[in-house]
Amino acid sequence: MIKFRDILAASLLLLPVTGAWGQTYDQVRRHNPWNAGGNAAGIRMDSVTVSFAEIYGRYGSGRLRDTYQPGEWWSAGAVAATTVDTEKYTMAGSFSFDHTSGKNMSGSMFIRPGFYPVDVLEFTPGRKDLQTYAFTGGASVDIAANWRAGGSIDFSSANYSKRKDLRHTNYRLDMGVSPAIMYHNGGFALGMAYLYRKNTESIDAEEIGTSAGTYYAFLDKGLMYGAYESWSGSGIHLSESGIDGFPVKETIHGGSVQAQWGGLYADIEYRYSKGSVGEKETVWFRFPGHRVSSRIAYRFGVGRASHFLRLQFDWAKQVNNESVLGRETENGITITHVYGSNRIFDRTELTLVPEYEYHTRRHTVIAGAWLASSERLSTLMYPYVESQDMKRYGAYSRGELRTGCIELKAGLSFSSGSFTDKSRAVGTEVEPGEAPYHLTDYYNRQNEYLTASRIGAEAAVRWNIRYGIYSEIGADWTHGFNIKYLEGTDRWSGTFKLGYNF
C-alpha cells in the first residue's frame, strides 16, 4: 500500500525505501559511461540484456516560447531499443518514429534552429508538421584475449512542412559512423575511436497562387543582423536560379580516446567540421569549426546502493565566411566567379555539466547543475562590430520511487541567465555607411527566452500492469519570471505512454 509519506518523499526526491526491482533500458545505458563516449566496443563493459518498446502521445500549449516554437502542439510516436549480451559479443540498437504538429508557428524555417551559423525566418503564422525517423546500431566483439573491436552507426531523417504561405518543405539527413577498438585487462581498459558525421538540410520555399500582399523573409547572418526583403529576393537565397532551395551541408571528422580504471572513467574527443550553404560553384557561406568534449565518471557502491559522479565538458568554436561572388554570361553559359570571402560571424560556446546519481533497486535520485557561456561576434559590414556575451546556468533534480506495481516520478528545475551587447566602429578613415539591418523584435524575444529566470516541475505515474507491460501518464509545467518581450509566462504539456519491457 502506498502511503502519503512515500508520495511526499518522491516529490522531494528523498526516497528512503528498499526492495527488489529490475533495471530499465535507460538505467542500463546511463550506468555504463562507455555508452556516452563514442566507443561502441565499450558497450560490452556491462553484461546486461534488456529491451523495451513504447508508443506515446503528447499535447502541449503555452506562451512562454521561443520565436520559432508553436503556441499549441501535439505529437505521437513509437520507440524500440535493445541491448543483447552473449558470451562473445554484445549488440545494441534502437529505432524511433515521431510525428509532431504545431499551430501558430513562424520564425526559423530550419528543423533545428541555431544549429547552423545562418538562419532563415518567415513571418506568416501557420501550422507546421515534422516527421522524424531514426535508428542506431552498435556491436562489440571479442577478437583476442584482451582485445575488442566495435563499431556504431546512427542515422536520422526528418521532413518538415508548412501548409500556409510562405510555404516551405525541409529535408534533413544526419548520419554518423564510428569504428573503434579497445584493450582491457582486469579493471583497466583503454579505447580509441574514429568519428565521422555528415548532416544536410535544404529549405524549399514556394508561394501557391496569387496574393495581394508580399511575403517577406529574413536571412539571419548572426545576432539577428542580415537581409530583410521579399522571400524571392537575391539577398535571401531562397529562390536562386540553378539552385535547389536553400541547401546546407556539414561534414565532421574526429577522434576520441577513452580510459577506465576500476570505477573511474574518462574520455576526450576532438572534432573538426566543414560546412557550407549553397551548391556547385555557388556557395554563399562556408563555416569551419572545432569542438572538444570530455567526460569523467566515477562509480562506487555502498551496501546495495550505487553512486555515480559525472562531469561533462564541451567547448566549440565556429566562424562563418561569406563569399564574394560574381556571375558572367558568355554564349548563353553563366559562369560563377569567387573573388574572395569576408569573415562575418564568430561564435565560441562552453558548457559544463556536473551530475550525481544515487540508485538502488527501489529508488533513484539524480541531481545536477549546468553552466553555459557563449561569445558571439558579428562583423557583417565594415566598420560595424557587434558582440554579445551570454551566461546561462541552471540546476535540476529528478527522483523515482518504485513500490509494488507503481512507479512515481518527480522533478524540479531552475534556470536563469544574462547577456551584454556591445557595439563599436573600427577605423575612422572611411565615412561609415548605413548599418546592417537588425531584426530587433525577434532578437529581444530570443534573448529573453534564453536568459529569463524560470522554474519547472514534472511528475509522472507508471503502472506496471503484467508481463512487462506498463502504462504511464505524466505532465510538466514551466513558469517564467519578469517577462517583458515574450507572449506569456507559462508553458505545459501532458504525456501518455504504453510500453513493454523485455
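In the block above lies the structure referred to throughout.
Residues numbered from 1 in each chain as written. Predicted model: local features only at pLDDT ≥ 70, side-chain atom pairs only at ≥ 80, totals over all residues. Heavy atoms only, no water.

Caption draft 1: Spotlight on the overall build of the protein. Broken down by element type, the protein carries three helices and 21 strands. Over its C-alpha trace the protein gives a radius of gyration of 25 Å, about what one expects of a compact globule, namely 23 Å for 502 residues. Viewed in the frame of its principal axes, the protein has a C-alpha envelope of about 75 × 55 × 45 Å. Each of the 502 residues in the protein was classed as buried or not, and the buried ones make up 45%. When contacts within the protein are restricted to residue pairs at least 6 apart in sequence, those whose partners lie at least 24 apart make up 66%. Separation of charge centres in the protein, based on 53 positive and 53 negative side chains, amounts to 8 Å. (Helix = DSSP H or I, 4+ residues; strand = E, 2+ residues; numbered from the N terminus. Rg over C-alpha atoms; globule rule 2.2 N^0.38 Å. Buried < 20%, exposed > 50% of the residue type's maximum accessible area, 1.4 Å probe, protein only. Contact = heavy atoms within 4.5 Å. Lys, Arg positive; Asp, Glu negative; His and termini not counted. Charge placed at Lys NZ, Arg CZ, Asp CG, Glu CD.)

Caption draft 2: How the structure looks around the nonpolar core. Val120, Leu238, Phe246 and Val277 are the most contacted members of the largest nonpolar core, which has 33 residues in total. Only strand E4 (119-142), strand E7 (188-206), strand E8 (216-220), strand E9 (225-230), strand E10 (246-261), strand E12 (282-302), strand E14 (333-359) and helix H3 (440-451) provide two or more residues apiece to this core. In this view, valine 120 contacts Gly107, Ser108, Met109, Phe110, Ile203, Phe218, Leu219, Ile236, Leu238 and Phe246; residues no more than four positions away in its chain are not counted. (Core = buried A, V, L, I, M, F, W, Y, C linked by side-chain atoms within 4.5 Å.)

Caption draft 3: Seen up close, the pairing of strand E2 (residues 72-85). Looking at chain direction, strand E1 (residues 50-62) and E2 are connected through twelve bridges and run antiparallel. Pairing of tyrosine 56 across the sheet is with glycine 77, part of E2. With 14 bridges connecting them, E2 and strand E3 (residues 89-108) associate as antiparallel partners. For valine 84, the partnering residue across the bridge sits in E3 and is methionine 91. Between E2 and E3, which pair antiparallel and follow one another directly, the connecting turn spans three residues. (Pairing = 2+ DSSP bridges.)

Caption draft 4: Fine view of the side chain of arginine 445. Tracing the backbone shows arginine 445 in helix H3. Beyond its immediate sequence surroundings of up to four residues, arginine 445 is in contact with Thr67, Tyr485, Leu486 and Glu487.

Caption draft 5: Layout of the packing of aromatic side chains. In the structure shown here, the tally under the stated rule is 19 aromatic pairs. Aromatic pair tyrosine 216 and tyrosine 228: ring centres 5.3 Å apart, planes at 10 degrees, arrangement stacked. Highlighted residues: tyrosine 216 in strand E8 and tyrosine 228 in strand E9, separated in sequence by twelve residues. What links up through ring pairs into an aromatic cluster is the set Phe110, Phe115, Tyr116, Phe246, Trp284 and Phe287. Its guanidinium or amino end placed over the ring of tyrosine 449, arginine 454 lies 4.9 Å from that ring's centre, counting from NZ or CZ. (Phe/Tyr/Trp six-rings, centres within 6.5 Å; stacked < 30°, edge-to-face > 60°. Lys NZ or Arg CZ within 6 Å of the ring centre and 35° of its normal.)

Caption draft 6: Broad picture of H3. The terminal C-alpha atoms of H3 lie 16 Å apart, and with twelve residues this matches the ideal 16 Å at 1.5 Å per residue to within 8%. Among all positions of H3, only Tyr442, Tyr443, Arg445, Asn447, Glu448, Tyr449 and Thr451 are buried. (Expected span 1.5 Å × (residues − 1).)

Caption draft 7: Main features of the side chain of threonine 403. If you trace the backbone, threonine 403 turns up in strand E16 (residues 384-403). At a separation of 3.2 Å, a polar atom in the side chain of threonine 403 contacts the side chain of arginine 362. (Polar contact = N/O pair within 3.5 Å; in protein donor to acceptor, adjacent residues only side chain to side chain.)

Caption draft 8: Focus on the pattern of salt bridges. Under the defined criterion, the tally for this structure stands at 28 salt bridges. With a closest N to O distance of 3.1 Å, arginine 44 and aspartate 142 form a salt bridge. Taken as a pair, arginine 44 in the loop between helix H2 (25-31) and E1 and aspartate 142 in strand E4 lie far apart in primary sequence, 98 residues in all. Accessibility expressed as a relative area gives 9% for arginine 44, which makes it buried. Here aspartate 142 falls in the partly exposed class, since its relative accessible area comes to 30%. Between arginine 376 and glutamate 349 there is a salt bridge whose closest N-O contact spans 3.3 Å. You can see arginine 376 sitting in strand E15 (residues 363-378) and its partner glutamate 349 sitting in strand E14, a full 27 residues away along the chain. (Salt bridge = Lys/Arg side-chain N within 4 Å of Asp/Glu carboxyl O.)

Caption draft 9: Inspection of the environment of aspartate 154 at higher detail. With respect to the element layout, aspartate 154 can be found in strand E5 (residues 147-162). Residue class for aspartate 154 comes out partly exposed when judged on its relative accessible area of 23%. When sequence neighbours within four positions are dropped, the list of residues in contact with aspartate 154 reads Phe135, Thr136, Asp174, Met175, Gly176 and Arg197.

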